[in-house]
Amino acid sequence: MNPTIQQLSADLAAGRTTSRKLAEEALARIDDAKGEGKRAFIKVWHKQALAAADASDLQRKAGLVASPLAGLPVSIKNLCDVAGETTLSGSKALDDAPPAKVDAPVVARLRAAGAVIVGSTNMSEFAFTGVGANPHYGTPGNPADRTRVPGGSSSGAAVSVGDRMAVAALGTDTGGSVRIPAALCGITGFKPTARRVPIDNVIPLSTSLDSIGPLANSVECCAIVDAVFAGEPIAIPDAVPLAGLRFGVPKHYVFDDVDAVVGKAFERACKALASKGVRIEHVDLPQLTELPTINARGTFAAAEAYAWHKDLIARRGNEYDPFVAPRILAAAKMTAHDYIALLANRASLQKRVSAVTQNYDAMIMPTCAIVAPTIAEVEATDVFIKKNLLLLRNTAVGNFLDRCGISLPCHAADELPVGFMLMGEAMADKRVLAMARSVALVINPR
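Here the structure is a predicted model, which means the values were calculated and not measured. (Residues numbered from 1 in each chain as written. Predicted model: local features only at pLDDT ≥ 70, side-chain atom pairs only at ≥ 80, totals over all residues. Heavy atoms only, no water.)

Asker: Describe empty space enclosed by the protein, and please don't skip the residues or the numbers.
Answerer: Under the definition given, this model contains four cavities of 30 Å³ or more. When its volume is computed, the largest cavity comes out at roughly 120 Å³. Looking at the largest cavity, it is lined by 13 residues, and the ones nearest its centre are P3, L8, R29, P73 and R164. Among the elements that line the lining of the largest cavity, the one with the most residues is helix α2 (residues 19-31), at four residues. Residues of the lining of the largest cavity, tallied by class, amount to eight nonpolar, two polar and three charged. (1 Å grid on protein atoms, 1.4 Å probe; cavity = no way out; pocket = protein on both sides within 12 Å on 5 of 7 lines; lining within 4 Å. Points joined across faces, edges and corners; volume = space filled by probe spheres on them. Helix = DSSP H or I, 4+ residues; strand = E, 2+ residues; numbered from the N terminus. Nonpolar A, V, L, I, M, F, W, Y, C, P; charged D, E, K, R; others polar.)

Set out below in structure tokens:
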């Protein structure tokens, strides 16, 4: 198991290591020609990271430790503004954009917490697929099987954590872009209720749905980083006893076309939780089957992305990922009436679903319906489209409903990674993290 923030922070406090040593080790893994660093990262900040690590070591000697993240290597997704850097969002079409004048608030908060930012990670171009493939900067191989995709859009973020190039990563989640790569790479990913974390100075996909969350090696790690992102006091929620918790499993929509490996791992996890006193009930939620119809005239992501990209795609659209540009351009056909109807339908669905789900401590389901497809198979357009939809389907439910959610690994050692998702109500973030601490100890058989 990869070390956690708490373990490394304790090592620093005890003098068993230094921030300089941790930064050098992380950078060495990124630079390793045999590794995935050249595909997992778009930019690597060697000098800045080592300078920050040296400063952290000096501060620690003086008794100044800003947070549990102080002195630890982290990565940030390549759509966050970093002062003096051009923000590319995994694309070539923005290479002539002026450098950012200031750090995005989430980046500034990481720096204030003492984190050592080693670089910005690769991603699906403009965060617009769940597969994690990138034709411009390469597709990083999944830590569990290098022939497979890592999931997206926060692809490099997940690989940076899985390959110990960072102890935690900043990801964004519009339809599952934190939870999907966490699930496919066998780590933990937390999507907060969107409004808790500022998205200023972050290139948007959908301003209605975008959220910023951590990918890391444990629930506790995610709780620490989430608090930093949200500008809240760092406090890991106390683990909730499992006995008596009531989890709902939706009967509709989220189990369509679930593959055998995923189904087996999820069922095993449910049985393990039931043995600890968790009440697991199958819940009628036919409302979820309305989602394809609600989105038939266009999605928030497409409409809001088109508004942002319209001029850029007219100027440099031939340089876009061929799997991304058509999805953005499809929104040109949406009308104001379509968009207003989408807003109304979202509000209606949120109320009707919450009337059912608020009676449970959380809803649970597989994070993704399938395990990671191979890099080779998603090169075919029809396969890419099918796999992308299956990867995004379950996680996108939480974004549309404005919920918080976490993906926890639940696969056995001889299985490809599978994610187990807890979805809470809006603003139930601390409750979900508290439950996830207990759930994680039971459902991971490795």
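Still more to cover.
Asker: Go over the packing of helix α5 (residues 105-112) against helix α8 (residues 219-230), please, and point to the residues and values.
Answerer: Orientation of α5 relative to α8, taken along the N-to-C sense of each, is 120 degrees, at an axis distance of 8 Å. The angle between α5 and α8 falls in the class oblique. Of the two possible hands of crossing, α5 and α8 adopt the one that is right-handed. Facing α5, whose interface residues are V106, R109 and L110, α8 presents V228, F229 and A230. Per-class residue counts for the contact of α5 with α8 are five nonpolar, no polar and one charged. (Axes fitted to C-alpha atoms, helices over the stretch in contact; angles between N-to-C directions. Parallel < 35°, antiparallel > 145°, perpendicular 65-115°, else oblique. Left-handed = near helix turned anticlockwise from the far one by under 90°. Contact = heavy atoms within 4.5 Å.)

Asker: Help me get a handle on the layout of surface pockets, residues and values and all.
Answerer: Unfilled space is identified by rolling a water-sized probe across the atoms. Approximately 1100 Å³ is the volume attributed to the largest pocket. Lining the largest pocket are 39 residues, with N295, T299, R327, L389 and L392 sitting closest to its centre. Secondary-structure elements contributing two or more residues to the lining of the largest pocket are α10 (291-294), α11 (300-316), α12 (325-329) and α14 (381-400). Residue contributions to the lining of the largest pocket peak at 11 residues, all from α14.

Asker: Give me the lowdown on the pattern of salt bridges, citing residues and values where you can.
Answerer: Enumeration over the complete set of coordinates arrives at 29 salt bridges. Between K43 and E85 there is a salt bridge, with its nearest N and O atoms 3.1 Å apart. Placement of the pair is K43 in strand β1 (residues 41-44) and E85 in the loop between β2 (73-77) and α5, with a sequence separation of 42 residues. In this structure, R352 engages E290 in a salt bridge whose closest nitrogen and oxygen atoms are separated by 2.8 Å. Remark: E290 occurs in the loop between β8 (279-283) and α10 and R352 occurs in helix α13 (residues 336-357); sequence separation between them is 62 residues. A network of salt bridges, in which partner residues are shared, links D95, D96, R315, R316 and E319. (Salt bridge = Lys/Arg side-chain N within 4 Å of Asp/Glu carboxyl O.)

Asker: I'd love a proper account of the environment of G189, names of residues and values included.
Answerer: Within the secondary structure, G189 sits in strand β5 (residues 188-191). Separated by 29 residues in sequence, G189 and S218 place their C-alpha atoms 8.6 Å apart. Contact partners of G189, with chain neighbours within four places excluded, come to V178, R179, A182, P214, L215, C222, G405, I406 and S407.

Asker: Break down the state of the cysteines for me, with residues and values.
Answerer: The tally for this structure, following the rule as stated, stands at zero disulfides. Between C222, a free cysteine, and C221, which holds the nearest cysteine sulfur, the sulfur-to-sulfur gap is 6.9 Å. (Disulfide = S-S within 2.5 Å.)

Asker: Give me the lowdown on the packing of aromatic side chains, citing residues and values where you can.
Answerer: Under the defined criterion, the tally for this structure stands at seven aromatic pairs. With a centroid separation of 5.2 Å and 35 degrees between ring planes, the pair formed by F126 and Y320 is classed as tilted. Pair noted here: F126 is in the loop between β3 (116-121) and α6 (155-162) and Y320 is in the loop between α11 and α12, with a separation of 194 residues, a long-range link. What makes F126 buried here is its relative accessible area of 2%. Where F300 meets F400, the ring centres are 6.0 Å apart and the plane angle is 45 degrees; that geometry is what we call tilted. Of this pair, F300 sits in helix α11 while F400 sits in helix α14, and the two are 100 residues apart along the sequence. Assessed through its relative accessible area of 1%, F300 is described here as buried. One aromatic cluster is present, built from ring pairs that chain together F126, W308 and Y320. Lying across the ring of Y360, R246 places its NZ or CZ 4.2 Å from the centre. Here the guanidinium or amino end of R346 rests over the ring plane of F400, the centre of that ring lying 5.9 Å away. (Phe/Tyr/Trp six-rings, centres within 6.5 Å; stacked < 30°, edge-to-face > 60°. Buried < 20%, exposed > 50% of the residue type's maximum accessible area, 1.4 Å probe, protein only. Lys NZ or Arg CZ within 6 Å of the ring centre and 35° of its normal.)

Limitation: the analysis is restricted to geometry and does not speak to function.
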